[in-house]
Each structure stands twice: as C-alpha cells, then as structure tokens.
Amino acid sequence: GAKVDSEQRLLTRSITETDQLFKSQIGESFQLGTGIQTLTNDVETAVLFLRNNGDKDIAINKITLCSKAFTTSTETMCTIKLYANPEDLTGGGVFSAGILNNNLGSSKELDATFLAATTGGAFTGGIFGGEALFRTEDFKSVETFWILPKGNSIGYTLTAGASNTSWDANLILECSLV
C-alpha cells in the first residue's frame, strides 16, 4: 500500500501492463486463425471473414501473415487487402475457422462468425478498405487499431505472385473485447 515518509511525501508503487495482457487475464483476448491454406492460383482470394455477433465491440489489435515461398512464381511479395462489411464469404471450401481464448483457463467465448476459405473464396458485398504488400517466406505482424461494432464484419483477401500454382499461407488476427 501507499506510505507517507518523514517529509510528508506519499510513496506509491505502480505496475504497468498492456491492455492486451489485461484482456488476456480476464479472458477477453482471442487469436483467430485460418490455419494453413494452400492457394493454387494468382487470383485475389477471400481467405478470412469475421462478423461481430456480440454486444461488445471487437478490437482487432494485430494481423499476422505466415507464409511459404510460391512454388512456381519468382515473385517474393503477396498482396493482402481489407474489406469493410462484406456480407458473406462463399466458394473455396468455406469452413468455420479456429478461435482461441488467450486465457486457456477461461470459458469465455467470442460471439462472432469466423470463416476461412482457400482458392475460389470470394466476398459478397463489402467496401474496399486498403491493401499492403507482404514478403513471402516470412512471419509478418502489423499492429492495427480497428474496432468492429456489433453486426459489422471485416474480410481479408490474399493474392499470390504471378503464375503461382501452390502457396501455403496462414492469416491470424489478434482481437479483444472492448
């Protein structure tokens, strides 16, 4: 606790921790991953879709791309694009993707629809929100500051290098409730 020294100064001690660590401690921090997906062409492919179904906003704190080299393309960069509020993810063998609570002892769940797809995945609707180039054969994380209110969605696409016929990639979101 706090103490007062002989000169009447209040002595205190504080601990600083990140919001992400605090959210993990209370079971409100999550990792969402597509798993390793093999893209078999060089066409823009919708690979990740997240819709907030809960009453709390979802903060998307970080996006990570883990990938191997293209097998037949000599390019070393891929394109990742963001779409705001796509209605759905279709094609490409769509499946419910993994959501992991960062507090492995917590029973709290993220109230969200989280889908992933591979070659052939496409969004219905949505507004293009920007793009970035990422190097392949890399593990690249980028901090983000996006808030996903209830009922809103976000989607990401990947585009492999020209003439690609096989490329393994995994897209991961780090999220927390706010």
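Everything numeric in this text was worked out from a predicted model, so none of it was measured.

The rules behind each value
- Residues numbered from 1 in each chain as written.
- Predicted model: local features only at pLDDT ≥ 70, side-chain atom pairs only at ≥ 80, totals over all residues.
- Heavy atoms only, no water.
- 1 Å grid on protein atoms, 1.4 Å probe; cavity = no way out; pocket = protein on both sides within 12 Å on 5 of 7 lines; lining within 4 Å.
- Points joined across faces, edges and corners; volume = space filled by probe spheres on them.
- Helix = DSSP H or I, 4+ residues; strand = E, 2+ residues; numbered from the N terminus.
- Buried < 20%, exposed > 50% of the residue type's maximum accessible area, 1.4 Å probe, protein only.
- Pairing = 2+ DSSP bridges.
- Phe/Tyr/Trp six-rings, centres within 6.5 Å; stacked < 30°, edge-to-face > 60°.
- Disulfide = S-S within 2.5 Å.
- Core = buried A, V, L, I, M, F, W, Y, C linked by side-chain atoms within 4.5 Å.
- Contact = heavy atoms within 4.5 Å.

Some thoughts on empty space enclosed by the protein
Here is step 1: This model, assessed by the stated rule, comprises one cavity of 30 Å³ or more.
Here is step 2: Within this model, the largest cavity holds a volume of roughly 40 Å³.
Here is step 3: Lining the largest cavity we find Thr34, Gln37, Leu39, Val47, Leu158, Ala169, Asn170 and Leu171.
Here is step 4: Mapped onto the lining of the largest cavity, the elements with two or more residues apiece are β4 (37-39) and β16 (167-177).
Here is step 5: If one sorts the elements of the lining of the largest cavity by residue count, β16 sits on top with three residues.

Digging into the pairing of strand β15 (residues 153-159)
Residues in a regular strand point their side chains to alternate faces of the sheet.
Here is step 1: Among the seven residues in β15, seven count as buried, and that is most of the element.
Here is step 2: Across the two faces of β15 the burial is the same, with Ser153, Gly155, Thr157 and Thr159 and Ile154, Tyr156 and Leu158 all buried.
Here is step 3: As paired elements, strand β5 (residues 45-52) and β15 share six bridges and run antiparallel to each other. Counterpart to Leu48 in the pairing with β15 is Tyr156.
Here is step 4: Taken together, the six bridges between strand β7 (residues 77-84) and β15 define a ladder with antiparallel strand orientation. Note that in β15 the partner of Ile80 across the bridge is Leu158.

A look at the sheet that holds β5
The strands that make up a sheet are held in pairs by hydrogen bonds between backbone atoms, and each pair lies either parallel or antiparallel.
Here is step 1: Sheet architecture is open: six strands sit in the order β9-β11-β5-β15-β7-β13, paired in antiparallel fashion. Only two strands of the sheet have a single partner each, and these edge strands are β9 (95-96) and β13 (127-135).

Concerning the packing of aromatic side chains
The description of two aromatic rings rests on the distance between their centres and on the angle between their planes.
Here is step 1: Inspection of the entire model under this criterion finds four aromatic pairs.
Here is step 2: Aromatic rings pair up to connect Tyr83, Phe123 and Phe128 into one cluster.

Quick look at the state of the cysteines
Working definition: the covalent bond between the sulfur atoms of two cysteines is a disulfide.
Here is step 1: The tally for this structure, following the rule as stated, stands at zero disulfides.
Here is step 2: The thiol of Cys78 is not disulfide-bonded; the next cysteine sulfur, from Cys66, is found 11 Å away.
Here is step 3: With no disulfide of its own, Cys175 lies closest to Cys66 among cysteine sulfurs, the gap being 15 Å.
Here is step 4: The buried category is assigned to Cys175, whose relative accessible area is 0%.

Brief notes about the nonpolar core
Here is step 1: In this structure, Leu32, Leu50, Tyr156, Leu158, Trp167, Leu171 and Leu173 are the most contacted members of the largest nonpolar core, which totals 31 residues.
Here is step 2: Elements with a contribution of two residues or more to this core: β3 (29-33), β5, β6 (58-67), β7, β11 (112-116), β15 and β16.
Here is step 3: Ranked by residues supplied to this core, first place goes to β16 with six residues.
Here is step 4: Once residues lying within four places of it in the same chain are set aside, the contact partners of Leu171 are Leu32, Gly33, Thr34, Val47, Leu48, Ile63, Thr64, Leu65, Ile80 and Tyr156.
Here is step 5: The next biggest cluster of nonpolar side chains, apart from the first, holds seven residues, and it includes Ala46, Tyr83, Ala117 and Phe123.

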